[in-house]
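# Survey of secondary and tertiary structure
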Amino acid sequence: MENIDWKNLPFQYMKTDYNVRCYYRDGKWGKLEISSSEYIQMHMAATCLHYGQEAFEGLKAYRGKDGRVRVFRWRDNSKRMRDTAEGIKMAAPPEELFKEAIFTVIRLNERFIPPYGYGASLYVRPLLVGSGAEVGVKPAKEYLFMVFVTPVGAYFKEGFKPVDIMICRSHDRAAPLGTGAYKVGGNYAASLTSLEIAHNKGFSTTLYLDAKEKKYIDEAGPANFFGIKNNTYITPDSKSILPSITNMSLMELARKRGMKVEKRPVPVEELSSFEEVGACGTAAVIAPIKKIVDIELNKTYEYCKDGKPGPISTEFYNTLTAIQNGDKEDSFGWIDYVI
Ligand SMILES: *Cc1c(COP(=O)(O)O)cnc(C)c1O
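Residues numbered from 1 in each chain as written. Predicted model: local features only at pLDDT ≥ 70, side-chain atom pairs only at ≥ 80, totals over all residues. Heavy atoms only, no water.

Phi angles above zero are rare outside glycine, and Asp26 is one such case at about 50 degrees. The topology assignment puts Asp26 in the loop between strand E1 (19-25) and strand E2 (28-29). Look at Cys304: it is not a glycine, yet its phi comes out positive at around 45 degrees. Tracing the sequence through the fold places Cys304 in the loop between strand E16 (299-302) and helix H6 (311-325). Here Cys304 falls in the buried class, since its relative accessible area comes to 15%. (Helix = DSSP H or I, 4+ residues; strand = E, 2+ residues; numbered from the N terminus. Buried < 20%, exposed > 50% of the residue type's maximum accessible area, 1.4 Å probe, protein only.)

Turning to the side chain of Arg80, a few remarks are in order. Tracing the backbone shows Arg80 in helix H2 (residues 74-87). Within polar-contact distance, the side chain of Arg80 engages the side chain of Glu57 at 2.8 Å. Ignoring any residue separated from it by four or fewer positions in sequence, one finds Arg80 in contact with Glu57, Lys183, Leu242, Pro243, Ser244 and Ile245. (Polar contact = N/O pair within 3.5 Å; in protein donor to acceptor, adjacent residues only side chain to side chain. Contact = heavy atoms within 4.5 Å.)

Time to look at the packing of aromatic side chains. The tally for this structure, following the rule as stated, stands at 14 aromatic pairs. Look at Phe332 and Trp334: their rings are 4.0 Å apart centre to centre, the planes differ by 5 degrees, and that puts the pair in the stacked class. Through a chain of ring-to-ring contacts, the aromatic side chains of Tyr24, Trp29, Phe98, Tyr143 and Phe145 assemble into a single cluster. Just above the ring of Tyr23 sits the side chain of Arg25; from NZ or CZ to the centre is 4.4 Å. (Phe/Tyr/Trp six-rings, centres within 6.5 Å; stacked < 30°, edge-to-face > 60°. Lys NZ or Arg CZ within 6 Å of the ring centre and 35° of its normal.)

By themselves, these figures tell us nothing about what the structure is for.
Spelled out as structure tokens, the structure:
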């Protein structure tokens, strides 16, 4: 694209040429359709509009120095979408359909894939919604699976930089046995009030605690939490956390460099003993954390005393982004070539 400013791309929707759609009707998935419209026609009684039968995914395609286009761990996104679909009783797109959809939509929009070297990528957003009409509370009989893409810039415009976050005790994003482990829009609706509170106070996001006892760390809004100490990578274990593929990847990188990995309940007080802490997810890869403020308890935990991200977080960030961009060989089997 001649007139896209690749260097200053925001993390924002930009219209591209095509999206793909597939309908589930009469108990089976139809053929993948290509559309150039940004709009969908939907029945006003569709279950996604009334009862929250909606799931999404997020992954990225990257152009390497060699010009080839890579996607990162798409099978895990596909699996997670099927788990989410099962969790809220929707028809799930099979792996072959998921693959066909994302590979097709990436190829069709090749001119929107940012060139190598800007830290930018093509964000891929699969959506699954209950499209069948129901008025009573029950799963829809019809579903729409669609995927659109949009080019996005590097999350950290001024480079990889630590952020401040706040512990949220006034709101929860998910109940202990609720839908926290599923990638559904409802969890995000539940998080918007606390996110606004955090932004108004100058924090980049909220850190949620377990909803039952408020004793353990759950996750950070749209990203998982990790802490590092004594050569150990520690990340919370909880039924209300969304299993982040970035987090799974960091655990593997940690093991590979000889660190111990612990997935277990992490009490809030443990925050004072970590050497490095961060939030991880597809958008930022790692957001290193400088300060965590527990406003209600009037307590502050500080890291990155020299203002810079910790050495291990930095190494993980560099390694993972290098694998995604194709600068570093992928010994894990995480990369597939689309182009
Ligand atoms: C998508 C998401 C994440 C990050 O998952 P990745 O697979 O690493 O992108 C973390 N938490 C929540 C609530 C999410 O929805």
